[in-house]
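# Overview (structure and organization)
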Amino acid sequence: GAGVSQTPSNKVTEKGKYVELRCDPISGHTALYWYRQSLGQGPEFLIYFQGTGAADDSGLPNDRFFAVRPEGSVSTLKIQRTERGDSAVYLCASSSQGQDTEAFFGQGTRLTVV
Amino acid sequence: AQTVTQSQPEMSVQEAETVTLSCTYDTSESDYYLFWYKQPPSRQMILVIRQEAYKQQNATENRFSVNFQKAAKSFSLKISDSQLGDAAMYFCALLASPLGYQLIWGAGTKLIIKP
């Protein structure tokens, strides 16, 4: 596609439910990143994929969070047993190679846990 | 640890005037990149300008320029001839080895343009 696409744009879920957030990167980009942006703050790194593998998942806050990229393109961020503290904007970005190449961002998914 | 600090939560400027947004950073790496991103209400981060640490010359992109002071670890953004469309959150970010793929972000500065 022309840019990074994230769906849904907004998601409201009840505490304790499971959610999936999707990211469709720019075609041909091998590197994919997830960031979380809480209200009034800058983004925080969650996970980095190079191809199909998670090269660094050190930013995932706990084992309720998991992300996959099975075919090296679309990625899904999965959150189990959601908590109110998970409410944030989840940003996805992709770049052509990874190291120091420009990252292009999607419009994010605003997750609200009620 | 690598950090980025933006000390101005909010700035305002009259349309057509010039404004400077401040950013300081800390890293022990010698090889790094600095960025300014713009985030409008649409939430999409848009790259404004990028500076490679090894370059002494300050980066410029049309009305946007930076003042990169490497010894002071300062990286400010100057916007000339401010336009209404410049209103947004502005984030300073650092990309440094060995985590050369992980952007470290400041807390952002909200820029208000007065017509």
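Here's what I pulled together on the structure shown here. Predicted model, so just to flag it, every value in this text is computed and none were measured.

### Considering the overall build of chain B
Assigned secondary structure in chain B consists of 0 helices and 12 strands. Its C-alpha radius of gyration of 14 Å places chain B within 12% of the 13 Å reference for a compact globule of 115 residues. Taking the principal axes of its C-alpha atoms as reference, chain B extends roughly 45 × 30 × 20 Å. Within the span of chain B, comprising 115 residues, buried residues form 49% of the whole. Only carbon and sulfur atoms are counted for the fraction: they give 48% of the accessible area of chain B, which is about 5,500 Å². A distance of 2 Å separates the average location of the 10 positive side-chain charges in chain B from that of its 10 negative side-chain charges.

### Quick notes on the sheet that holds strand S8 (residues 75–79) of chain A
Residue and element names in this part refer to chain A. On the basis of which strands lie adjacent, the open sheet formed by 4 strands has the order S1-S3-S8-S7 and antiparallel pairing. Single-partner strands in this sheet number two, and they are strand S1 (5–7) and strand S7 (65–68). Between one strand axis and the next, the sheet turns through 15 degrees on average, direction left out of account. Where S7 and S8 come together, 4 bridges link them in antiparallel fashion. Directly across from Phe 65, in S8, lies its bridge partner Ile 79.

### With respect to the pairing of strand S6 (residues 46–52) of chain B
Residue and element names in this part refer to chain B. Sheet analysis places strand S5 (residues 32–39) next to S6, joined by 6 bridges and oriented antiparallel. Residue pairing across strands places Tyr 37 opposite Leu 47, the latter belonging to S6. Taking the residues that link successive antiparallel strands as the turn, the S5-S6 hairpin has 6 residues, and the phi of Arg 43 there is positive, at about 80 degrees.

About the criteria used
- Residues numbered from 1 in each chain as written.
- Chains lettered and ligands numbered in written order.
- Predicted model: local features only at pLDDT ≥ 70, side-chain atom pairs only at ≥ 80, totals over all residues.
- Heavy atoms only, no water.
- Helix = DSSP H or I, 4+ residues; strand = E, 2+ residues; numbered from the N terminus.
- Rg over C-alpha atoms; globule rule 2.2 N^0.38 Å.
- Buried < 20%, exposed > 50% of the residue type's maximum accessible area, 1.4 Å probe, protein only.
- Areas by Shrake-Rupley, 256 points an atom, 1.4 Å probe, with all protein chains shown as cover.
- Lys, Arg positive; Asp, Glu negative; His and termini not counted.
- Charge placed at Lys NZ, Arg CZ, Asp CG, Glu CD.
- Pairing = 2+ DSSP bridges.
- Axes fitted to C-alpha atoms, helices over the stretch in contact; angles between N-to-C directions.

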